[in-house]
Structure formats: structure tokens, C-alpha cells
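Structural overview
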Amino acid sequence: MPHFIDVILPIPVENTFTYLVSEAEYNYIQKGMRVAVPFGKKKVYASIVKNKHTNAPTIYEAKEIQQILDEDPIVTEQQLTFWSWIANYYMCTEGEVMRAALPKAFLLESETVIRLKSDGLVINDEELQDDEFLIYEALQHRSELKVHEVMDILDKKKILPSIQRLIDQGVLEMQEEIYEQYVPKLVKFITIAPEYDSEEALPVILEELSRAPKQREMVLTFFSLKAKTNKPISSQELQKASGATASQLNALVDKGVFQTYQKRQDRVGFEGEVFETKTLNTYQATALSEIKTHFETKDVTLLHGVTASGKTEIYVQLIEEMLATGDQILYLLPEIALTTQLISRLQTYFGERVAIFHSKYSVNERVEVWNNVLKKMDKAQIIIGARSALLLPFRDLKLIVVDEEHESSFKQYDPAPRYHARDCAIVLGAFFKAKVLLGSATPSIETVYNAQSGKYGYVSLKQRHGNILMPEINLVDIKEKSRKREMTGHFSDTLLRAITDALALGEQVILFQNRRGFSPILECNTCGHAPQCPNCDVSLTYHKYRSQLRCHYCGYNIALQQKCMACGSTDLTTKGFGTEQIEAELKELYPDNNIARMDSDTTRGKYGFEKLITAFEQEQIDILVGTQMLTKGLDFRNVTLVGIMNADSMLNFPDFRAHERSYQLIAQVSGRAGRTEKQGKVLVQTYNPYHQILQQVSSNKFEEMYKEQLEERRNFKYPPFHRLIRITLKHRDYQKIDESSIWLSKALRQTLGAEAVLGPETPSIARIRNLYRRNILIKISRKQNLLETKKTIGRVVTSFNAIAQYRSVRLVVDVDCY
Ligand code: ADP
Ligand code: ZN
Ligand code: ZN
């Protein structure tokens, strides 16, 4: 009887594929192992085994596999179930989920580029097997090879295992974007020279150093530190403990008493001191016990705690109480909030039990974390990560914390799977019977709704830790200010006075400029022309610093024009304003202060983000101007003033979540102010101070905002009452996008009902990277069967794709779109 396996291929094909295996292979193979399989004419992929059986496929003749790549499964059965759930729910393929889940190093395939490892491991040829040697030798002549080229060179197909072994041995590496090591910090450590490392030697050194009391003291401090701990002693630690300077330390190194060595602080490991967790204040303690009570009957609980109420300390307690069980804990955060600030905070409590899964990690590091989670190692008991950490191979997950649960960056936008990490966390939690704690100062409408309807537990925490007052939020009417000529550039006199006062007291200031809708553009005063991107339907953005006009969607750029390209006039002005302009204005207004800017331009480089945060923490920066990035749970002690340059652009953004988001953003940036004794101050500049959202956020009326927004959602059929699925069509040809989108919307209306389908609509940016776009929005009521509706949509999409002239139109289906 022939034996078969079904495998998931890491490509967007709808079905699993069936391959033929021998009986011995069949017995060896377990679900979740990788198997190299041929696909199409020439391709080879590492696939994941999903099923084993003895039923030959009826449509095609099963091909043989090439080779089994693993000795043990690298993917758990639990994950396979989860992948399949994600694929069904988000209307994508399991292969796409697999691609998102697996670290790239697991995805060896024919197009993968390999090369010798850059740190030039010298190897003994004789230790290599024949194939391995041939590959090694080929790479002596060529700097890199694609896997399929290696197949040609060796004239055989079964080569992936050899390549894998060479990678495992550290001889080869796969090409990847050059990721930065996350914290490749070199730390200088001090040891005592061996000849002095004994009790008898000590008096001798002390005698020698009798004329250098500071150095003497340092040696004594070193021995007392050494007696206390068997951990290596860093130069910093020694200096701190003995109060000595670097040059005094160097003198001892020069005398040969001390020796130094550099060590890379381990990427995953942690050698610092571990501290006791903080004792909760009474409000926190009450909140924690409420959370635990809810967990007795509910799987999900929302912790709604104002900024600086100490939510993190509550998570920490909850985690600590679970630690002894040995079960795994997942701590999810929006990518950008994954700063060293939070990581080191958790590491000081939990030491090396904390593992970090981060997109900034190199492929190898991610494999390391993957394996540690899979093997349930102690050093990966607590996993902190962004969105994709959800896809790790957990064994016994018992708690998931989703911090800043309202953050829209939990939703993956592109490519598929377009999943929402918070929502998936709840599903994953249910698979494991784990408890899920959602935390935020400004929870999403959907989550609060689920809490109010009793589906989730709800715990509220209204006091900031240490009874620090909530910041005082004041609205500044800039329409009025302009009329009275009390504006200097984009600053009202009120804001300038507050900045001046704060700086005079040595305090720091944050200024927030929303990214959306306010990019500066260059406009001609004579004819009104503004330079456009040739590939996208947007005006080019003016970048003063580089003296350029750039497209934010495709990167197209030209040098700044001196003359209008349409009429030749030199009378040009910039319209709108961004962070760069505010920074420039500030530098003129406050020439003696240090001013920095945090946005996607200034944080792109190596550690740009971390560096800015550290500099600001260390008070090397007086005023920090920034975008959304500033809102993400950062904790700066010395900030007393937050200015919001203009609240209107976010309020007027055409999106049903715009009001909710504006509230969240303003409340979150405001939360950066006054986190110590002094009450923080927030000034919100706006043309429309009577806007209900501004009124609500300035008086901290979350409930009121929630009720109003919920009513709007109900009236206009939005979540949480209706589910949304957006289909975006993209094509180069205007005519075709028009026709095909009309066809698709009609077909959807016919099957789902006219009520349920909106569009086709032209999005606010009608063309990006030369592709025209149309959106169709489907609203599904809670009464409708979601699965059936998705199946129906799937069938319509299939018949769309079957129409020859539409086949080149790209369809993107986004379930629960944002
Ligand atoms: P949130 O996450 O709610 O914004 P954090 O957890 O960052 O608040 O806490 C704000 C600050 O208060 C942090 O610096 C934290 O160390 C401190 N803090 C919170 N709870 C306590 C506590 N029980 N004891 C001592 N310090 C605390
Ligand atoms: Zn002109
Ligand atoms: Zn463009």
C-alpha cells in the first residue's frame, strides 16, 4: 500500500499538496516536520507535514519527496490547528501563515541565496561529507549561490539537507537583509591579574599602592564585589562602587593589577542583577485581585488603567505568581513600544527567563528563540514580542498579556495573513485554556463593548501611582489666536509661554505633530500647481533638510524646484507643516536649547529610535518633536509639558475610527507629561475647541466618548455591531480597474444583498506605485453566519478570477480591516 503525506507549501496556493513517501519514511515522519519537496517544473521548497495517510490524490499523480529535513517536528500540532484557523478567518492560505510564522532560516528553497559565513570559519575539509565539501568548494569560487544553482553544480536534487547541515555547523549563512543585532552592546569587564589573585597577594598590592589611596580602594572594592557575586564585574560597576574615575581604573590596568576584557552582552541571555518586584499600591492590589477573580469565570479580562497607573507592575505580579508552574507566558506589545525601557524593566525582575522576539533580531537569533520556546526551555518562559511572537511554537501557554491593546499596529496590513494580534491572542488563549489580559489606558471601543456586555472581565484603575495627578489638558483656540495675531509660526503665545517656563525650570517638553494629513507640500502662488508624484496620486512632500520633494508612498524624489514646473513663476510657498518645520521653527525660537525630532525619518537608521529615547531620558534633549511614535508607553521622568500642535487633522481624517483614535492619541501623548510629583500640563492647539472629542479628552470623560462613539457605530453599521471585510482591487489600467470593480461589487451585491456591499469607492489616494485602486467594503451583521458569508465571498472571488480579462487584477481581501 502506498503512503502519502500532505504538506503546506510556503506559497499562496490554496490547498495542501500530497506527496508519495516510502513506508520507512512514512514511519519516520511526524506532523510538523519539514520535508523538501519538488514543486512546479524546477522549484524545491521546505514544506511542513500536515497529515499522513494512504489515500492517493485523485486529481494528480503524487510526486516523491526529496528528503526529510528534520529529526523532530519544528512546528507543533497546536500550531497547525492555529494556522488553519488564521487562514480560514482571515481568508488567506496556510502557506502564507506558514511564511509569516517560520523564521526565514527554516524556509530553505530553490531561490534562497547562500554564501560562506562572513566571519570566515576555518574548517577541516575532512570533516565534511562529499556533498558538503562540493558546496563548500563551489563557494570558494563564487561569493554566493542560489540553492537551485547548487543543484545544477552537483547535478542532483537532494541537496537541502547538506545545505542545512552546513548552516547548522556555522559554515554557511543564508542571505538576508542585514539585521542589526538587537543589543550588541560591548561591555568591558575587569578581572584581577592571575599573579595577584590570591589572599596572600592582596597585602602586597595594597603595599605597592600605598601612595595611591583611590587605586587601593578600588582594589579592595573589587575583592569585596567578587566575594559577593560570582558574576563578572564590569568596569562601570567597579567605578560606581568605588567612586573612582576611568583614568584611575586605567592606571591599575597599566600597572598590570587589573586586566580587562570585552564581552558582547548576550542577545537573549541576561547577566544583570535581578530585583524584587515592586509592592503594589492598594489600588493596584485591588485591581490585581479583581483580575484574578474574573479569571475564575472568564478567559479574557480588560485592565483599563489610566496612564502611569502602574499597569506594567500589575502584569509583572501576575507573571511572577505563575512563574513557578513552569508554564509559558506571552507578553505582546506593539512593535514600536518594544524598547529597551520595557525590556530591561522586565529583565530586572525575571532575569534570563525573558526571551525577546523582535523583527530587529537576526534570523539566527529568531531561530534560537523559536527552538527555546519549542523545547520549553526555562530561558524562554516569558516571551516578549510584537505581533508575530504569537506564532511561536508554544507548549504550555497559560497567560497572554496584550499591552496597549488599542494599538492599530497589532493589525498586520501587508502581506497576508492580515491578522489582528489581539484578536488572535484570544483565540490562541482559548486553544491553550490560557488567560488573556488586555491592558490599556484608552481601550478600543470593541474591547470595552465586549467587557460591558460581560464577555470579558473589566477592571478599572483610575489612580496614577503615587497619587500623581492626571495632567491638566487645556485647549488653545488657534483661530482666535491667529485673528489676534498671537501666533508665531505654528505656535500660539500660550504654548510658547509654557515652553519657556518649563525650560526655565530645567524641565523637558514633548511636542506632538500628527503624521497624517499635514505633510508640507510646495505650491505655486501664481497658478496653484503643486508637484505630483508620477507614480502615485499624491503631491510630493517637501523635505527641507534634504532640499527635496519626496513621495511618501513610493519613495520617488526630485531636488527642490526653484521655479514652478507649470508656469515658471518663482513665487512658491510651502503649505501644511510637518515635524521638520516645527523643529526648524523651534530652533529659531530657542537657539540655546537642544531640540530633536522623532519620526520615521530620524529613527530609520541603526538604533535611531533607541538613541533618541536614551538621549531624551538622559536629558540631553530639551524639546522632542515627534509623531505617533511618542505615544507608545514611554516613561520619561522630567517631562512636564506636552504640546499638541494641531488636533484637527486627526479629527477630520475620513475613517470611522478617526474620533476614537484622536481621543486615544491625545490621551496617550498627554500621559507622557508629569509622571513624577509635579502635575503635567498639556496644551492642545485646535481650530475647533468645541469639538466633542476634544472636550471629552480634556476632561477625561472616557465613558462619554465611548457611549457616543458606540451609538455612531451602531447607527452606521460598523464594528462591534458589524464586521467589515474590505476588498481592494489594484491594476495599472484605469479602464480595467473601473470595469472589474463594478463587476465584482455587482456580483457581491447579488449574493450578499445590496445592503451589505459598499462601493466600489476610490480611496483617498487613487493610485500608488502606478497601480490604480478601488475599494469594496462588505458589512456583515452579527446575525449573519460569518463562515458562510466568507465562503460566499470566496466563491465570488473565484468566479472573478476565472474571467480572463480580469485575471491580472490583484485582489486583496482584508478581514476586520482597519
Ligand atoms: P502604566 O503602564 O500604567 O503607564 P507604569 O507601569 O509604567 O504605568 O508605571 C508608571 C511608573 O510608576 C513607573 O515608573 C513604575 O516603575 C512606577 N510604579 C508603578 N507602580 C509602582 C509601585 N507599586 N511601586 C513603585 N513604583 C511603581
Ligand atoms: Zn505656477
Ligand atoms: Zn509615489
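Analysis parameters
Residues numbered from 1 in each chain as written. Chains lettered and ligands numbered in written order. Predicted model: local features only at pLDDT ≥ 70, side-chain atom pairs only at ≥ 80, totals over all residues. Heavy atoms only, no water. Helix = DSSP H or I, 4+ residues; strand = E, 2+ residues; numbered from the N terminus. Rg over C-alpha atoms; globule rule 2.2 N^0.38 Å. Buried < 20%, exposed > 50% of the residue type's maximum accessible area, 1.4 Å probe, protein only. Contact = heavy atoms within 4.5 Å. Areas by Shrake-Rupley, 256 points an atom, 1.4 Å probe, with all protein chains shown as cover. Lys, Arg positive; Asp, Glu negative; His and termini not counted. Charge placed at Lys NZ, Arg CZ, Asp CG, Glu CD. Axes fitted to C-alpha atoms, helices over the stretch in contact; angles between N-to-C directions. Left-handed = near helix turned anticlockwise from the far one by under 90°. Nonpolar A, V, L, I, M, F, W, Y, C, P; charged D, E, K, R; others polar. Donors = N, O, S within 2.8 Å, 3.2 Å for Na, K, Ca; no water. Tetrahedral: all angles 85-135°; square planar, octahedral: opposite > 155°, others 65-115°. Parallel < 35°, antiparallel > 145°, perpendicular 65-115°, else oblique. UniProt positions renumbered as here; feature names shortened; annotations may be inferred. Salt bridge = Lys/Arg side-chain N within 4 Å of Asp/Glu carboxyl O. Near = heavy atom within 4 Å. Polar contact = N/O pair within 3.5 Å; in protein donor to acceptor, adjacent residues only side chain to side chain. Phe/Tyr/Trp six-rings, centres within 6.5 Å; stacked < 30°, edge-to-face > 60°. Lys NZ or Arg CZ within 6 Å of the ring centre and 35° of its normal. Pairing = 2+ DSSP bridges.

**Structural notes on the overall build of the protein**
- Along the protein, the regular secondary structure elements total 26 helices and 37 strands.
- Against the globule reference of 28 Å for 818 residues, the protein gives a C-alpha radius of gyration of 30 Å, in line with a compact fold.
- Its C-alpha atoms put the protein at 90 × 85 × 65 Å along the principal axes.
- Taken over 818 residues, the protein has a buried fraction of 54%.
- Taking all contacts inside the protein whose residues are at least 6 apart in sequence as the whole, residues at least 24 apart take part in 74%.
- For the protein, the computed accessible surface area is about 37800 Å², with 48% contributed by carbon and sulfur atoms.
- Distance between charge centroids for the protein: 6 Å, based on 103 positive and 103 negative side chains.

**Focus: the packing of helix H8 (residues 213-228) against helix H9 (residues 235-242)**
- Axis separation between H8 and H9 bottoms out at 9 Å; the angle between their running directions is 115 degrees. H8 and H9 meet at a crossing whose hand is right-handed. Here Lys214, Glu217, Met218, Thr221, Phe222 and Leu225 of H8 lie close against H9, whose contacting residues are Leu238, Gln239, Ala241 and Ser242.
- Taken together, the residues of the contact of H8 with H9 break down into 5 nonpolar, 3 polar and 2 charged.

**Here's the deal with the environment of Gln695**
- By the secondary structure assignment, Gln695 is in helix H23 (residues 692-698).
- Excluding residues within four positions of it along the chain, Gln695 makes contact with Leu475, Pro689 and Tyr690.

**Details of the coordination of the zinc ion (ligand 2)**
- At this site the zinc ion (ligand 2) is bound by Cys524 (SG), Cys527 (SG), Cys564 (SG) and Cys567 (SG), with donor distances of 2.3 to 2.4 Å.
- Each of the 4 donor atoms around the zinc ion (ligand 2) contributes to a set of angles spanning 105 to 113 degrees, which defines the coordination as tetrahedral.
- Residue classification places Cys564 among the buried residues on the basis of a relative accessible area of 7%.

**Looking at the packing of helix H7 (residues 201-208) against H8**
- Following both chains from N to C, one finds H7 and H8 inclined at 155 degrees, their axes separated by 9 Å at the closest point. Classified by the interaxial angle, the pair formed by H7 and H8 is roughly antiparallel. As for how H7 packs across H8, the hand of that crossing is right-handed. Taking contact as the criterion, the partners of Leu202, Ile205 and Leu206 in H7 are, on H8, Arg216, Val219, Leu220 and Phe223.
- Residues that form the contact of H7 with H8 fall into these classes: 6 nonpolar, no polar and 1 charged.

**A few points about helix H13 (residues 340-350)**
- Among all positions in H13, only Gln341, Leu342, Ile343, Leu346, Gln347, Tyr349 and Phe350 are buried.
- Here the buried face of H13 lies against helix H12 (311-323), strand S14 (328-332), strand S15 (354-357), strand S16 (382-385) and helix H20 (608-617).
- Following H13 by one or two positions, Gly351 has its phi on the positive side, about 50 degrees.

**Focus on the UniProt feature "binding site: Zn(2+) 2" (unreviewed entry) in the protein**
- With numbering matched to this structure, UniProt assigns "binding site: Zn(2+) 2" (unreviewed entry) to Cys533, Cys536, Cys551 and Cys554. Spanning 22 residues, the named residues form one tight spatial group whose C-alpha atoms are at most 8.7 Å apart.
- Its place among the elements puts Cys533 in the loop between strand S24 (521-524) and strand S25 (541-543).
- By relative accessible area, which is 3% here, Cys533 ends up buried.

**Focus on the pattern of salt bridges**
- The full count for this structure, using the stated rule, is 30 salt bridges.
- The closest approach of N and O atoms between Arg422 and Asp423, which form a salt bridge, is 2.9 Å.
- Each member of the salt-bridge network shares a partner with another, and the members are Glu446, Arg657, Glu660 and Arg713.

**Quick notes on the site of ligand 1**
- The environment of ligand 1 is made up of 18 residues, and the closest members are Thr279, Gln284, Ala308, Arg345 and Asp635.
- Lys278 places a side-chain nitrogen or oxygen 3.3 Å from an oxygen atom of ligand 1.
- Note that an oxygen atom of ligand 1 is positioned 3.3 Å from one of the backbone N or O atoms of Ser309.
- Surface burial for ligand 1 is 84%, taken as the share of its 550 Å² of free accessible area covered by protein chains.
- Considering every element that reaches the shell around ligand 1, the biggest residue donor is H12, with 3 residues.
- Its residues assigned to classes, the shell around ligand 1 comprises 3 nonpolar, 8 polar and 7 charged.

**Thoughts on the packing of aromatic side chains**
- Tallied over the full model, the rule gives 20 aromatic pairs.
- Their ring planes at 70 degrees and their centres at 5.9 Å tell us that Phe106 and Trp370 sit as a pair that is edge-to-face. Of this pair, Phe106 sits in the loop between helix H3 (94-101) and strand S7 (113-116) while Trp370 sits in helix H14 (residues 363-374); the two residues are 264 residues apart in sequence, bridging distant segments of the chain.
- Owing to a relative accessible area of 0%, Trp370 belongs among the buried residues under this scheme.
- Through successive ring pairs, a cluster of aromatic residues spans Phe17, Phe39, Tyr45 and Tyr60.
- Residue placement shows Arg657 over the ring face of Tyr818; its charged tip is 3.8 Å from the ring centre.

**Details of the sheet that holds strand S5 (residues 63-64)**
- The sheet built from 6 strands is open, its strands ordered S5-S2-S1-S4-S3-S6 with mixed pairing. Whereas interior strands pair on both sides, the edge strands pair on one side only; in this sheet they are S5 and strand S6 (67-68).
- Where strand S1 (residues 3-8) meets strand S2 (residues 17-21), 5 bridges bridge the pair, whose relative direction is antiparallel. Bridging across to S2, Val7 finds its partner in Phe17.
- Against the sheet, helix H2 (residues 77-89) makes contact with S1 and strand S4 (43-53), and its axis sits at roughly 105 degrees relative to S4, the strand it touches most.

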